[in-house]
Amino acid sequence: MHSDQLDTALHWQPPAHWRRVRSLDAHTGGEPLRIYLEGYGDIPGATILDKQAHCRDQLDALRRATVWEPRGHADMYGCIVTEATTPDGDFGVIFTHNEGYSSMCGHGIIAVTTALLETGVLPVQCPETCLRIDAPAGRITAHARIQNQRVASVYFHNVPSYVVELDAQVAVPELGTVRYDLAFGGAYYAFVDARELGLDTGPDNAAALIRAGRAIKGAVMASRRIEHPEDPALGFLYGTIFIDAPRSEEADSRNVCIFADGELDRSPTGTGVSARAAIHHARGELKAGESMQIESIVGSRFRTCVQRTVDYCGHPAVIPEVEGQAFITGRHEFLIDPADPFAHGFFIR
């Protein structure tokens, strides 16, 4: 078949009653981000948490249709861009995943900042462009380093991050007693030393890491209440992060995050390295201004440091700085045929 014949498909128009969702896709350190440009429409709400609740209660079919199969997959991640809900904000973000919606996402901040600047949605200022982003967990300030009119990297200052408990223990079926640190970096994680469990953190062991991560998350959730000091909607355990020795000489440590319903983060996890900055600062291992390089399961790296210390609702906390790189991977127009029995997706883990 000739290319001019195939070109007909590019100009074909679907029936008007089919729903269209358009996105710009990117990745940060290998972790995908599907940025929704069209399909959600205006989302009401005075705050980002209000807007997130509207998406969850009224528009969740769109999340399932574009995050789950057959248009997505079990490890897909999304970002709905909204207008800002603060007077000085540049825009707002609502993050989606296989289980629902997250309170914050570091790789998402890096990717959406890169994508909106490189596509001209927002103006670029050299040598750095600063964006004020309203996220469910609070204000995120992102800084894009500009080189040759491209975004070379993005670093952001996260919400206050703090330790809930160090060296806690929980009984986990098939794993025995597991020691973990519980900390918040925009979301709550249980941090576990993979070496203590004899777990390999390479990509070939992904299935075992997912099983163990889900088991530990379930055990911690069953054993304790997690309460956010300001908003009950943020008080939940997002995932388990396995810590390991690095495999690259350029890195200081390794993160493998299992979050939501068994999603495996390909990046080092921006909220996870934020919480690690709080943990290492609490242990006296990371002073303000000192940096760590943390690698992911695929070898990508985030730099993190303690930008400054703060008191957060009575908790000794840090403002973490996290830096990484993102790249645009494609543009998509998803079509939802109402006659399709899988129009709103299915999920297999």
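Given the structure is predicted, the values throughout are model-derived calculations rather than measurements.

What about the overall build of the chain?
When helices and strands are counted, the chain shows seven helices and 18 strands. For the chain, whose C-alpha radius of gyration is 20 Å, the value lies close to the compact-globule estimate of 20 Å for 349 residues. Each principal axis of the C-alpha atoms in the chain carries an extent, and together these give about 65 × 50 × 40 Å. Residue burial in the chain is summarised as follows: out of 349 residues, 53% are buried. Restricting to contacts in the chain with at least 6 residues of sequence separation, those with at least 24 account for 63%. Counting every atom, the chain has about 15200 Å² of accessible surface; 49% of that belongs to carbon and sulfur.

Focus: helix H7 (residues 270-282)
The α-helix winds at 3.6 residues per turn, so residues separated by three or four positions along the chain end up facing the same way. The terminal C-alpha atoms of H7 lie 19 Å apart, and with 13 residues this matches the ideal 18 Å at 1.5 Å per residue to within 8%. For H7, the tally of buried residues reaches eleven of 13 residues, placing the bulk of the element in the interior. Taken together, the buried positions of H7 are Gly-270, Thr-271, Gly-272, Val-273, Ser-274, Ala-275, Arg-276, Ala-277, Ala-278, Ile-279 and His-280. Directly after H7, the chain includes Gly-284, whose backbone phi takes a positive value near 80°.

Overview of the environment of Glu-128
If you trace the backbone, Glu-128 turns up in strand S6 (residues 128-135). Each C-alpha atom, one on Glu-128 and one on Val-154, is 9.3 Å from the other, the two residues being 26 residues apart in sequence. Not counting residues up to four positions away in its chain, the partners in contact with Glu-128 are His-143, Ala-144, Arg-145, Ile-146 and Tyr-155. Here Arg-145 takes part through its side chain, which lies 3.3 Å from a polar atom of the side chain of Glu-128.

Considering the side chain of Asn-98
Take Asn-98: it is sitting in the loop between strand S4 (91-96) and strand S5 (101-102). Of note is the side chain of Asn-98, whose polar atom sits 3.1 Å from the backbone nitrogen of Asp-261. In this structure Asn-98 touches Arg-63, Val-67, Trp-68, Ala-74, Met-76, Ala-260, Asp-261, Glu-263, Phe-347 and Arg-349, once residues within four positions along its chain are discounted.

Notes on unusual backbone geometry
Following Glu-69, the chain continues to Pro-70 via a peptide bond in cis, the omega torsion being 5°. Mapping Pro-70 onto the fold places it in the loop between helix H3 (60-67) and strand S3 (78-82). Between Cys-126 and the following residue, Pro-127, the backbone shows a cis peptide bond with an omega angle of 0°. With respect to the secondary-structure elements, Pro-127 resides in the loop between helix H4 (106-118) and S6. Despite not being glycine, Glu-174 shows a phi value in the positive range, around 75°. Here Glu-174 lies in the loop between strand S9 (161-172) and strand S10 (176-184).

What about the domain arrangement of the chain?
Its domain assignment divides the chain into domain 1 (3-156 + 328-336) and domain 2 (161-324). Its C-alpha centre places domain 1 at a distance of 25 Å from the equivalent point of domain 2. Counting residues at the interface gives 26 residues for domain 1, matched by 29 residues for domain 2. Roughly 2000 Å² is buried in total at the junction of domain 1 and domain 2, and carbon and sulfur atoms are behind 53% of that figure. Our enumeration of links across domain 1 and domain 2 arrives at three salt bridges.

Description of H3
Across the eight residues that make up H3, a large majority, six, are buried. Buried residues along H3 sit against strand S1 (19-28), strand S2 (31-38), helix H2 (48-58), S4, S5 and strand S18 (326-336).

Side note on the pairing of strand S12 (residues 237-244)
Here is the key point about a regular strand: its side chains alternate between the two faces of the sheet. Here S12 lies mainly inside the structure; eight of its eight residues are buried. Bridge analysis of strand S11 (residues 188-193) against S12 gives six bridges, and the strand direction is parallel. When the bridges of S12 are listed, Val-192 appears paired with Phe-242. Pairing of S12 with strand S13 (residues 253-259) involves six bridges; the strand directions are antiparallel. Directly across from Ile-241, in S13, lies its bridge partner Cys-257.

Remarks on empty space enclosed by the protein
All told, the structure shown has one cavity of 30 Å³ or more when counted by the stated rule. Around the largest cavity, the lining residues are Tyr-77, Met-104, Cys-105, Gly-106, His-107, Tyr-189, Tyr-238, Phe-259, Asp-265, Thr-269, Gly-270 and Thr-271. For the lining of the largest cavity, the elements supplying multiple residues, two or more each, are H4 and H7. When its residues are assigned to classes, the lining of the largest cavity shows six nonpolar, five polar and one charged. Mapped onto the domain boundaries, the lining of the largest cavity takes at least three residues apiece from domain 1 (3-156 + 328-336) and domain 2 (161-324).

Side note on the pattern of salt bridges
In the structure shown here, the tally under the stated rule is 30 salt bridges. Residue Arg-225 is joined to Glu-227 by a salt bridge in which the shortest nitrogen-to-oxygen separation is 3.0 Å. Per residue, the accessibility class of Arg-225 equals that of Glu-227, and both read exposed. Here the salt bridges share partners, and the residues they tie into one network are Glu-128, Arg-145, Arg-303, Glu-321 and Glu-323.

Parameters at a glance
Residues numbered from 1 in each chain as written. Predicted model: local features only at pLDDT ≥ 70, side-chain atom pairs only at ≥ 80, totals over all residues. Heavy atoms only, no water. Helix = DSSP H or I, 4+ residues; strand = E, 2+ residues; numbered from the N terminus. Rg over C-alpha atoms; globule rule 2.2 N^0.38 Å. Buried < 20%, exposed > 50% of the residue type's maximum accessible area, 1.4 Å probe, protein only. Contact = heavy atoms within 4.5 Å. Areas by Shrake-Rupley, 256 points an atom, 1.4 Å probe, with all protein chains shown as cover. Expected span 1.5 Å × (residues − 1). Polar contact = N/O pair within 3.5 Å; in protein donor to acceptor, adjacent residues only side chain to side chain. Domains from an automatic or database assignment. Buried area = accessible area lost by both parts, 1.4 Å probe. Salt bridge = Lys/Arg side-chain N within 4 Å of Asp/Glu carboxyl O. Pairing = 2+ DSSP bridges. 1 Å grid on protein atoms, 1.4 Å probe; cavity = no way out; pocket = protein on both sides within 12 Å on 5 of 7 lines; lining within 4 Å. Points joined across faces, edges and corners; volume = space filled by probe spheres on them. Nonpolar A, V, L, I, M, F, W, Y, C, P; charged D, E, K, R; others polar.

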